[in-house]
Amino acid sequence: MENNVFLPFELIIEILLRLPVKPLLRFRCVCKSWLSLISSNTFATSHFQHAATHRRLLIKRSALQPLSIDVDSSFHDASASATLSLDFIRSQRCIEIRGCFRGFLYFNNDTHIYLLNPSTGVFKQIPDSHIILNHLYELLSGFVYYQPTDDYLIVSGLGKDDAPPIKLMIFSLRANKWKPIEVASHLPYMKTSVSEFTPKCGLFLNGSIHWMVHNYEKSKNVIIAFDIKEMTISEIALPDDFIFSFSNNYSIYYDLLEVGGLISAWVKDLNTVKIWVMQKYGVHSSWTKIIQFSIDPVLHKSLDIVCLTKSGDIVGTNNVVGLMKLNDKGQLLESLLFDGYALVVYTESLFSLPSTGQT
């Protein structure tokens with residue numbers, strides 16, 4: 001006797017919300033109701049907010065297509081890795097990631113600027129911002145989604161490495177144009193390292209894009225926060241013990257991270273790694289050091305921390321072992337040697353661009 005199993009549609013939705021993006025794209029072909037459901041903005045938002053969403057690390061490889069790896073899985077788990085097709089780009093040799101948000105990447109190559117959802121393949125080429133203008137270059141970049149107007153915004157900080165202050169420009173996807181940002185405050189900032197050739201990517205939290213920059217008037221590094229709604233800039237002091245020693249033999253590495261929805265700062269100083277989080281946004285006394293350990297200064301002469309996994313392990317890169325995963329004691333858990341470099345961590349999503357800008 002044949003047994004027919006009936007599942008309420010509400011239960012089907014709960015099951016689908018727990019699946020990664022790739023099978024969901026295939027399941028749109030099951031029936032019209034599934035196509036309508038999975039293609040809806042409501043489902044995309046719920047899926048993105050659900051625990052089933054996955055963070056993936058994009059790796060640029062010299063002679064091969066970029067590789068996307070689940071940061072919470074083993075580097076050697078074949079099912080957790082996938083190649084990423086960028087066939088719509090004529091030149092893939094000089095890709096620079098400038099930001100990511102809601103599953104979209106904001107990046108450029110030699111000639112064009114793009115927005116791309118690597119999970120769905122949705123992309124759009126956006127107009128050139130004329131960044132190299134009057135000898136000004138893009139030093140800072142930020143990319144966010146602004147919910148009140150259902151718009152994606154790009155913020156660029158322009159200037160000269162040796163001659164601040166920074167000037168700001170903003171791009172609206174819906175308006176499809178760039179415009180300068182007029183802020184009341186003086187901006188005595190420059191990149192923390194003039195040796196960096198790519199713009200520093202901003203971290204979006206609490207309605208603001210954050211960058212670690214150098215305040216040349218105070219002669220120290222600080223965090224600046226650009227409020228998207230108010231179009232204002234404020235300054236956040238780094239932890240009191242965020243200091244490091246310069247050396248001719250070893251480079252100092254430092255930047256911002258997001259850890260559990262909190263803003264975090266890290267530094268690799270010679271043979272020591274330190275990570276802080278700001279437990280209460282904007283409250284300097286709430287800076288708390290969560291990780292500190294020693295490392296081999298030869299093996300880890302360079303170290304760029306990319307993210308922390310759900311279990312608290314540290315994912316980073318260096319020029320010796322390539323991609324690596326460390327525990328909070330600094331012990332090497334696994335590594336992956338590759339010919340290339342890590343670009344960015346993004347979260348899988350089903351989001352599309354607004355109808356006025358979608359390709």
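The structure under discussion appears in the preceding block.
Quick caveat, the model's predicted, so the values are computed rather than measured.

A.B. asks: Explain helix H4 (residues 41-49) here, please?
C.D. replies: Buried residues of H4: Phe43, Ala44 and His47, and no others. Around the axis of H4, the buried residues are gathered within 100° of arc, so they sit on the same side. Pointing more than 90 degrees away from the buried face of H4 are the exposed residues Asn41, Thr42 and Gln49. Lining the buried residues of H4 we find helix H1 (9-16), helix H2 (21-27) and helix H3 (32-38).

A.B. asks: How should I be thinking about the packing of aromatic side chains in this particular structure?
C.D. replies: Think of a pair of aromatic rings as described by two things: how far the centres are apart, and how the planes are tilted against each other in angle. Using the criterion set out here, one finds 11 aromatic pairs in the structure. A network of ring pairs unites the aromatic residues Phe104, Tyr106, Phe143, Tyr145 and Tyr152 as a single cluster. In this structure, Arg102 is placed above the aromatic ring of Tyr145, and the distance from its NZ or CZ to the ring centre is 3.7 Å. Over the ring of Phe75 we find Lys325, and its NZ or CZ is 4.9 Å from the ring centre.

A.B. asks: Is there a simple way to explain a nonpolar patch on the surface in this structure?
C.D. replies: Together, Leu7, Leu11 and Ile15 make up an exposed nonpolar region whose accessible area comes to about 230 Å². In this structure, Leu7 sits in the segment before H1.

A.B. asks: Explain the pattern of salt bridges here, please?
C.D. replies: For side chains of opposite charge, pairing can occur when their charged atoms come near one another. Counted according to the given criterion, the structure contains 8 salt bridges. Between Lys200 and Asp255 there is a salt bridge, with its nearest N and O atoms 3.9 Å apart. Within this pair, whereas Lys200 is found in strand S13 (residues 200-201), its partner Asp255 is found in strand S18 (residues 253-259), the two being separated by 55 residues in sequence. Note that Glu235 is salt-bridged to Lys218, the shortest N-O span being 2.8 Å. Of the two residues, Glu235 is situated in strand S17 (residues 232-236) and Lys218 in the loop between strand S15 (208-215) and strand S16 (220-227); the sequence distance between them amounts to 17 residues. On the basis of relative accessibility, which here comes to 47%, the residue Lys218 falls in the partly exposed class.

A.B. asks: I tried to follow the pairing of S16 on my own but got confused; where do I start?
C.D. replies: Buried residues dominate S16, accounting for 6 of its 8 residues. With 8 bridges joining them, S15 and S16 adopt antiparallel strand pairing. The partner of Ile209 across the bridge, within S16, is Phe226. Examined bridge by bridge, S16 and S17 share 5 bridges and lie antiparallel to one another. In the strand pairing of S17, Ile223 is matched with Ile236. Linking two consecutive strands that pair antiparallel, namely S16 and S17, is a turn of 4 residues; a positive phi of about 55° is found at Met231 within it.

What counts and what doesn't
Residues numbered from 1 in each chain as written. Predicted model: local features only at pLDDT ≥ 70, side-chain atom pairs only at ≥ 80, totals over all residues. Heavy atoms only, no water. Buried < 20%, exposed > 50% of the residue type's maximum accessible area, 1.4 Å probe, protein only. Helix = DSSP H or I, 4+ residues; strand = E, 2+ residues; numbered from the N terminus. Arc of directions from axis to C-beta. Contact = heavy atoms within 4.5 Å. Phe/Tyr/Trp six-rings, centres within 6.5 Å; stacked < 30°, edge-to-face > 60°. Lys NZ or Arg CZ within 6 Å of the ring centre and 35° of its normal. Patch = residues over 30% accessible without salt bridge, like charges linked within 9 Å, V, L, I, M, F, W, Y side chains within 5 Å. Areas by Shrake-Rupley, 256 points an atom, 1.4 Å probe, with all protein chains shown as cover. Salt bridge = Lys/Arg side-chain N within 4 Å of Asp/Glu carboxyl O. Pairing = 2+ DSSP bridges.

What is shown is where atoms sit, not what they do.
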